[in-house]
Amino acid sequence: MSGLSIRDLRVTFDGFAAVDGVSLDVAPGDIRFLIGPNGAGKTTLVDAVTGLVKASGSVRFGEQALLGKPVHQIARLGIGRTFQTATVFEELTVLQNLDIAAGAGRGPWTMLRRRRSVPAAVAEALETIGLADQRDKLAGTLAHGQKQWLEIGMLLVQDVKLLLLDEPVAGMSHEERDATGALLGVVSADRTVVVIEHDMDFMRSFARTVTVLHAGKVLSEGSVAEVQADPAVQQVYLGAA
Ligand SMILES: Nc1ncnc2c1ncn2[C@@H]1O[C@H](COP(=O)(O)OP(=O)(O)OP(=O)(O)O)[C@@H](O)[C@H]1O
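An account of the accompanying structure is given in this report.

Calculation notes
- Residues numbered from 1 in each chain as written.
- Predicted model: local features only at pLDDT ≥ 70, side-chain atom pairs only at ≥ 80, totals over all residues.
- Heavy atoms only, no water.
- 1 Å grid on protein atoms, 1.4 Å probe; cavity = no way out; pocket = protein on both sides within 12 Å on 5 of 7 lines; lining within 4 Å.
- Points joined across faces, edges and corners; volume = space filled by probe spheres on them.
- Helix = DSSP H or I, 4+ residues; strand = E, 2+ residues; numbered from the N terminus.
- Nonpolar A, V, L, I, M, F, W, Y, C, P; charged D, E, K, R; others polar.
- Patch = residues over 30% accessible without salt bridge, like charges linked within 9 Å, V, L, I, M, F, W, Y side chains within 5 Å.
- Areas by Shrake-Rupley, 256 points an atom, 1.4 Å probe, with all protein chains shown as cover.
- Salt bridge = Lys/Arg side-chain N within 4 Å of Asp/Glu carboxyl O.
- Buried < 20%, exposed > 50% of the residue type's maximum accessible area, 1.4 Å probe, protein only.
- Pairing = 2+ DSSP bridges.
- Contact = heavy atoms within 4.5 Å.
- Axes fitted to C-alpha atoms, helices over the stretch in contact; angles between N-to-C directions.

1. Some remarks on the layout of surface pockets
And then number 1: In this model, the largest pocket occupies a volume close to 380 Å³.
And then number 2: What lines the largest pocket is a set of 19 residues, among which Ala-75, Gly-80, Arg-81, Leu-155 and Gln-158 lie closest to the centre.
And then number 3: Contributions of two or more residues to the lining of the largest pocket are made by helix H2 (71-76), strand E6 (79-82), helix H3 (94-102) and helix H6 (144-156).
And then number 4: A per-class count over the lining of the largest pocket returns 12 nonpolar, 5 polar and 2 charged.

Okay, here's the thing in structure tokens:
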């Protein structure tokens, strides 16, 4: 397993530093929550790690330096992300969505044809995300939470080693949140997980470590208890939650 190491990361938009010299380390197998007020730079940091925005400094995942690499190369190194809105193929079934995600090297017709056997990685992902009995349902008819899990499943079948999830439980029911937390636990057994989240209850229940960003900088870092006890955090953020 590999960890994520970020040094002096900077992203500027027209002279405005959205990420302003961030350094942080996420240990292999950690579940790191990135929290902070609106505009703190959380999504921009993840954009920089995944190659969507230009950044200076250094980002390493294990031995691999990421900055400067194009998006597809970073993805090929086993780095996958979700966005705030799930991006599944609504007209296709759960199984077809996973098949397509797993489908390197197969043509579209092979992937869309009904197949007798399901590849091991797809079957495993179906179990992990709890959608095995929904596999033939159209993704568009899934509940909101299930779509998010399907999207995570699509990363799992691509053998992603670093998962970056942007507000995975936004809009979820209490039960869906708990199921998502349990899923993070399973996924992190052999992967490193970074979660951007505004939901403080979810963070308290499922984060292993937390980084608090504020105005593009790291304000505080540590366990949930450490971060919650930090007066600087209480002042800018948690005090209001
Ligand atoms: N493409 C862009 N061009 C200009 N400014 C941007 C761009 N993307 C983000 N910003 C600005 O950078 C800052 C950080 O934004 P970012 O979305 O990373 O914050 P965030 O912590 O993810 O916030 P939220 O919790 O609201 O999603 C904000 O002030 C935002 O307006």
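Picking up where we left off.
2. Description of a nonpolar patch on the surface
And then number 1: Where nonpolar side chains cluster on the molecular surface, the patch consists of Leu-52, Val-71 and Phe-83 and spans about 240 Å² of accessible area.
And then number 2: Leu-52 gets classed as partly exposed once you look at its relative accessible area, which sits at 44%.

3. Some points on empty space enclosed by the protein
And then number 1: Scanning all chains against the criterion turns up 1 cavity of 30 Å³ or more.
And then number 2: Each pocket or cavity is described by its volume, and for the largest cavity that value is around 30 Å³.
And then number 3: What lines the largest cavity is simply Leu-4, Ile-6, Leu-24, Val-26, Arg-32, Leu-34, Leu-45 and Val-194.
And then number 4: Elements represented by at least two residues in the lining of the largest cavity include exactly strand E1 (4-13), strand E2 (16-26) and strand E3 (31-35).
And then number 5: In terms of residue class, the lining of the largest cavity is built from 7 nonpolar, no polar and 1 charged.

4. A few points about the sheet that holds E2
And then number 1: Pairing is antiparallel across the open sheet formed by 4 strands, whose spatial order is E2-E1-E4-E5. Whereas interior strands pair on both sides, the edge strands pair on one side only; in this sheet they are E2 and strand E5 (64-65).
And then number 2: This element, helix H1 (residues 42-49), spans E1, E2 and strand E4 (56-61) of the sheet and lies at about 110° to E1.

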